[in-house]
Amino acid sequence: MPRWAMVIDLDKCVACQGCSIACRQENNTPAVGPDQAAMGRALRWNDVVPLPLNAEEVSEISGEHATATVRYLTRPCMHCDNPPCIKVCPVQATYVDEEGLVRQDYNRCIGCRFCTVACPYGVRYFNWEEPPWSPELARHINPDYVSENGSLEGPAVRPKGVVEKCTFCIHRLQKARQQAETEGREFRAEDYRPACVETCTAQARFFGDMEDPNSTVSYLARSTRAFRILEEVGTHPKVIYLREG
Amino acid sequence: MLKITRRDFLKATGGLTVTAAVSTALSRPGRKLAQIHAAVPGYDMVAEEHIVPSVCLLCPSGCGMWGRVVDGRLVKLEGSPLHPINLGALCPKGQAAPELLYNPDRIQGPLRRVGERGAGQWEPINWETALSLVAQRLADVRDSGHPERFAFLYGETRGQMRGLISYFSQAIGSPNAVSHDSLNIEAGKLAHQLTQGIYDLLAYDLEKTNHVLSFGASLLEAGRSVQRFASGYAYMRRGRPYRGKVVIVDPRLGVSGAKADEWIPIRPGTDAALALGMAHVIISSGLVDRDFVENYAFGYEDWEDEAGVQHQGFKSLVLENYDPETTAQITGVPAGTIARLAGEFGTNRPSVAVMPGKGGLLNGSVNGLYTAMAIHALNALVGSLETPGGVLVQRYPTCPGWPELPADPVAAEGRQAERVDGAGSVFPLARHAYQAVPDRIREGYPVDVLFLYDANPMFECPNGGARWAEAFNQVDFIVSFSSFLDETAEHADLILPDHTFLERWQDDFIEGLGYPGVALRQPVVEPVHNTRNTGDVLIDLAHRLGGPVAAAFPWAGFPELLKWRLQDVGASWETLAELGLWIVPPDQVPNRGSDPWLSQVVGRDRQNTPQDGYFDFFSRELQCLLQTVDEATLQQLGIQARGDEVFLPHYEPVNYQGDEDEYPFVLNVVTLMSLGPYTANANMPTLQEISGMVVNETWDSWLEMSPESAHRLGLHDKDPVWVESPFGKARTKVRLVSGLRSDVVNLPYNQGHRAVGRWAKDRGVNGLELMGPGTEPLTGLAAFTNTRVKVYRAS
């Protein structure tokens, strides 16, 4: 059974935000508009954030501009092996599946938002409103979805009132498996790439099976540059970063 | 239908029995999801699906893309893995392109103005009426005997479109095809022309480069070909065993500085001094490529002309005037740092000094050109021209030449007229002076018919709006090909909307790698609206004019013209359409002094001086042009140098508008990766929502200021502020950023639109409106960093 993981090389990443928009287009996350965005309600499954985040922290930086350091971090769902979000869900709407993906069952979700608070990475987003598709823009909605237990996942348009998050483009996994079946061959881990990995302008993202010790992600995860965010809280993220320099 | 929301449901059940709530919730919203999906027009799980290759046109990179089309709808774009620029990648703009195609604010068919100009009252008309109207106007201009009163302003033109616009204008009889290049890339092109004899931007072989020194606009955000730089950069860092070093010279840290190994916060407008200070160290330390400067360069050493007059060479100029201590005073970069940078640049070869292409901070006043020359001189000093890992000349596929224009006395006379922008006359070195057009019209250059293709000068020129509006009052008939009612299109009399790039046939030369290649833009979907390819419209108009103009256009339409021009690129039309591109990588790099060196690398585009394969440290081309360098000429041209220095790369202080004591900050308008350089990007909602990534803003402008300056002014993060220059003021909010000189403030470009569409309009401020409307007298370049501002709290 594969265990899907992503490696992001920050030394290659150019913080272009291609991943952010590729994700939105692939997974039908519309722009929520200025008012909602100002309230922090934009749906940012895959965001690029500058560090330090805190403006106060910035203003305390001393007068020497030449010593400034800013880092940029692209941040999908970490698909933790030990995700805090699933423990607080009162209705078991979120769970880790057998391939390590942290899934969200929109049918079960009651919109209590416990998980959005519990997630230390802040990658879970609540739909405060109906998705604001104008009829014209709705024409580019990606028709893909994954259907399981009567629930539509993947890019399926989410209704108001549920929490949503990065799925590692789970529909691409299903499509890749179907494709392999149609072609009468075995499914290979390389057949499956999330949209952000495919579009990465600096080819800084790698995706694959962590169970396979010879996969690129396994190899890179053993690099001395490898780190995970908030490793110390015990979430065991399956998104691994390689630091700059 | 009974409508019940989750919240209603939870209220009704009162949350008493969680299990019941869960089991009921299981069925209801599931149906709701399905309903939403069924509501998507044409949605079907077994939909017909195919992939169409095309080329992006949301920035000048020209990335190959594959469109995923489901039931005739474009649902997703991926980078074409075959395209050598983007290698399968696509940046946020390219990814968001479906929002351009299906944008609700697109112009849906030809429009004719009915109210006052600029009042926004339009009536839809059909193409036939619209085209005969335009044809009549063009015929009138020609009949009047002054075809030069037709002018064509254009922005980004790809492949054959630039040639077609110029050819069309000439066929009508006008020299007035004016490109917006003078707003951005012209400084680099002219500098390469004056030194290397190549009137073009150059390519950088980053994959094999060990050391990159980038000047001007942010390499990874605002370069001419950002995606090319991103691909090359990533490979240089981690695609090979030896990790290359990147140094960013920019008053603003930005994304490029944050990602670089070293950031040099230089005083704005002093890049030339830094480059020459480095040249001083490279020369005095013996790090120059001796073979190159002795055998393939002109004017490195002092020289004597045919009349026996002694002239100064680059070496003695630099050694006399630009030692590290002096340049440290000018640039604010410590002398030790300059020396170290020079040492690294000279020894860690192959090294390149990059001008990302967009002028950015390079265009202050007259120094834009000399700065670009000084930067390129660094490449020559270390022998990086046309070497692996160095600077490469961009080659293009061979195309058959444009046909000879038929005999046409009216047109022939019109073509000899002075240009509307003053290029070649008022601005002797200029090929284009886009931003000077309104002033020239107001000064009395008559323009009867004006075409605007991918041009929004009212927004994109420094201090543009009012000047253009006034100039437009003196133009009889204005035709815009815009897809959106942008600031300038609002002043048109007629709008003939073009397809978006996803709906049209167009070719696109692959630029940025050196070797020739062409990619093909083809309709990914059927046109969404009643729009037409401007290429087709121009050919149609020519046919309607009849006589010699029609005879000059033997093609039925633009695709036929493309097929004819692309017949020799090395691939059949069918192959081009199937793969989306064709490239011809070189088998070897030309040796110095070889035939290809002479014909392709150095001197190719020299007009007045010998194509002898010498790189000009001392620009003979410029010397030819400015035969008489008397005091009056130099003063008129705003050149502060005297004597031979005029023809050599040197530093000219920027002539700032606004007194330093009253206006303490230099205003820097920065291009963002998200909103990019083109107007339409501002009306794409997901791009707006990610636009302020560097400071966590969305959907708005912000002013970047260093914390120390803010403390000095008593400003706090997110305070509302006025930014005021001698030319105007704008209200926005201040954001404190680390990584910015305390004498510079930044405003992001492409906000502050007064038109375009629902997502772009009335959002933030346009920093260019605060800038002084300057044109460099020698080159016709827009002065982009010539304005000081003050900042104070808004109540």
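Residues numbered from 1 in each chain as written. Chains lettered and ligands numbered in written order. Predicted model: local features only at pLDDT ≥ 70, side-chain atom pairs only at ≥ 80, totals over all residues.

Draft legend 1. Local environment of the overall build of chain A. From N to C terminus, chain A includes eight helices and 12 strands. Against the globule reference of 18 Å for 245 residues, chain A gives a C-alpha radius of gyration of 18 Å, in line with a compact fold. Referenced to the eigenvectors of the C-alpha coordinate spread, the extents of chain A come out at roughly 60 × 45 × 35 Å. A sequence separation of at least 24 residues applies to 65% of the contacts in chain A between residues at least 6 apart. (Helix = DSSP H or I, 4+ residues; strand = E, 2+ residues; numbered from the N terminus. Rg over C-alpha atoms; globule rule 2.2 N^0.38 Å. Contact = placed C-beta atoms within 7 Å.)

Draft legend 2. Geometry of the overall build of chain B. Of the regular secondary structure elements, chain B holds 28 helices and 29 strands. With the C-alpha coordinates aligned to their principal axes, the bounding extent of chain B is approximately 95 × 70 × 55 Å. Per-residue burial for chain B yields a buried fraction of 61% across its 795 residues. Partitioning the contacts of chain B with sequence separation of at least 6, the portion at a separation of at least 24 is 72%. (Buried ≥ 20, exposed ≤ 12 C-beta atoms within 10 Å, placed from the backbone.)

Draft legend 3. Highlighting the sheet that holds strand β9 (residues 211-214) of chain B. Residues and elements named next belong to chain B. The strand order across the open sheet built from four strands is β11-β10-β9-β15, with neighbouring strands paired in parallel fashion. Two strands bound the open sheet, and with one partner strand each, they are β11 (262-264) and β15 (351-354). Averaged over neighbouring strand pairs, the angle between their axes works out to 15° when direction is ignored. One ladder, built from four bridges, connects β9 with strand β10 (residues 245-249); its direction is parallel. Following the sheet pairing, Ser 214 is matched in β10 by Ile 248. (Pairing = 2+ DSSP bridges. Axes fitted to C-alpha atoms, helices over the stretch in contact; angles between N-to-C directions.)

Draft legend 4. Region of the structure containing the nonpolar core. Formed by 312 residues in total, the largest nonpolar core has its most connected members in Leu 153, Ala 275, Met 278 and Ala 279 of chain B. Contact partners of Leu 153 of chain B, with chain neighbours within four places excluded, come to Val 178, Tyr 434, Val 437, Leu 450, Phe 451, Leu 452, Ala 455 and Pro 457 of chain B. (Core = buried A, V, L, I, M, F, W, Y, C linked by C-beta atoms within 7 Å.)

Draft legend 5. How the structure looks around the packing of helix α10 (residues 271-284) of chain B against helix α15 (residues 367-381) of chain B. Residue and element names in this part refer to chain B. Interhelical geometry of α10 versus α15 gives an angle of 25° and a closest axis separation of 8 Å. Here α10 is positioned roughly parallel relative to α15, judged by the angle of their axes. Note on packing geometry: the crossing formed by α10 with α15 is left-handed. Residues Asp 271, Ala 272, Ala 275, Leu 276, Met 278, Ala 279 and Ile 282 of α10 touch α15, and the partners they reach there are Asn 367, Tyr 370, Thr 371, Ala 374, Ile 375, Ala 377, Leu 378 and Leu 381. (Parallel < 35°, antiparallel > 145°, perpendicular 65-115°, else oblique. Left-handed = near helix turned anticlockwise from the far one by under 90°.)

Draft legend 6. Main features of the pairing of strand β26 (residues 720-725) of chain B. Residue and element names in this part refer to chain B. In β26, alternate side chains face the same way, and those of Val 721, Val 723 and Ser 725 are buried while those of Pro 720, Trp 722 and Glu 724 on the opposite face are not. Relative to strand β27 (residues 728-736), β26 runs antiparallel, the two being bridged by six bridges. If you follow Pro 720 over to β27, its bridge partner there is Lys 733. Taken together, β26 and the strand that follows it, β27, pair antiparallel across an intervening segment of two residues.

Draft legend 7. Seen up close, unusual backbone geometry. Residue Arg 349 of chain B is joined to Pro 350 of chain B through a cis peptide bond whose omega torsion reads -5°. One non-glycine residue, His 236 of chain A, lies in positive phi territory at about 50°. Assignment of secondary structure puts His 236 of chain A in the loop between β11 (226-227) and β12 (239-242). You will see that Asn 463 of chain B, though not glycine, has its phi angle at about 50°, which is positive. Looking at the element boundaries, Asn 463 of chain B is found in the loop between α18 (457-460) and α19 (465-472).

Draft legend 8. Layout of the confidence of the model for chain A. All names here are of chain A. Averaged over every residue, the pLDDT of chain A is 91; the share at 70 or more is 93%. Within chain A, strand β1 (residues 4-9) carries the highest mean pLDDT (98), whereas helix α3 (residues 55-59) carries the lowest (50). Below a pLDDT of 50 lies the segment residues 59-63, which in the model reaches eight contacts outside its immediate sequence neighbourhood of four places, other chains included. (pLDDT = per-residue confidence, 0-100.)

Draft legend 9. Structural detail: the packing of helix α6 (residues 160-172) of chain B against helix α20 (residues 534-545) of chain B. All names here are of chain B. Viewed as axis vectors pointing N to C, α6 and α20 meet at an angle of 20°, and their least axial separation amounts to 11 Å. The orientation of α6 relative to α20 falls into the category roughly parallel. In the packing of α6 onto α20, the handedness of the crossing is left-handed. When α6 is examined against α20, the residues Met 161, Leu 164, Phe 168 and Ala 171 are found in contact with a partner set consisting of Gly 535, Leu 538 and Ala 542. Here the residues of the contact of α6 with α20 are counted per class, giving six nonpolar, one polar and no charged. (Nonpolar A, V, L, I, M, F, W, Y, C, P; charged D, E, K, R; others polar.)

Draft legend 10. Structural context of the environment of Ser 725 of chain B. Residues and elements named next belong to chain B. Checked against the element boundaries, Ser 725 lands in strand β26. Exposure remark for Ser 725: the 22 C-beta atoms within 10 Å place this residue in the buried category. For the pair Ser 725 and Arg 340, spaced 385 residues apart in the sequence, the C-alpha separation amounts to 37 Å. When sequence neighbours within four positions are dropped, the list of residues in contact with Ser 725 reads Gly 658, Tyr 663, Leu 667, Leu 770, Met 771, Thr 787, Arg 788 and Val 789.

Draft legend 11. Focus on the environment of Phe 459 of chain B. Structurally, Phe 459 of chain B can be placed in helix α18. Along the chain, Phe 459 of chain B and Gln 751 of chain B lie 292 residues apart, while their C-alpha atoms are 9.8 Å from each other.

Draft legend 12. The arrangement of the sheet that holds β11 of chain A in detail. All names here are of chain A. An order of β10-β1-β12-β11 is seen for the four strands of this open sheet, with the pairing classed as mixed. Every interior strand has two partners, whereas the edge strands, β10 (205-209) and β11, have only one. Note that β1 and β10 share five bridges and pair antiparallel. The residue of β10 that forms the bridge with Ile 8 is Arg 205.

Draft legend 13. Broad picture of helix α6 (residues 170-182) of chain A. Residues and elements named next belong to chain A. For α6, which comprises 13 residues, the first-to-last C-alpha distance of 19 Å matches the rise-based estimate of 18 Å (1.5 Å per residue) to within 8%. Along α6, the positions that sit buried rather than exposed are Ile 170, His 171, Arg 172 and Leu 173. Here the buried face of α6 lies against β7 (146-148) and β8 (151-153). After α6 finishes, the residue Gly 184 shows a positive phi value of roughly 65°. (Expected span 1.5 Å × (residues − 1).)

Draft legend 14. Summary view of helix α5 (residues 127-143) of chain B. Residue and element names in this part refer to chain B. Look at α5: 24 Å from first C-alpha to last across 17 residues, which is about the 24 Å you get at 1.5 Å a residue. Taken as a whole, α5 has its buried residues at Ala 130, Val 134, Leu 138, Val 141 and Arg 142. Taken down its axis, α5 places every buried residue within 110° of arc, on the same side. Every exposed residue of α5 that faces more than 90 degrees away from the buried side is listed here: Glu 128, Thr 129, Ser 132 and Asp 143. Backbone geometry just downstream of α5 places Gly 145 in the positive-phi region, at approximately 80°. (Arc of directions from axis to C-beta.)

Draft legend 15. Representation of the confidence of the model for chain B. All names here are of chain B. Confidence in the prediction for chain B averages 90 pLDDT; 93% of positions are at 70 or higher. The low-confidence segment residues 1-36, where pLDDT is below 50, has 40 contacts with residues more than four positions distant or belonging to other chains. Contacts from residues 38-46, a stretch scored under 50 in pLDDT, to residues over four places away or in other chains number 10 contacts. The ipTM for the predicted assembly is 0.95, set against a pTM of 0.92.

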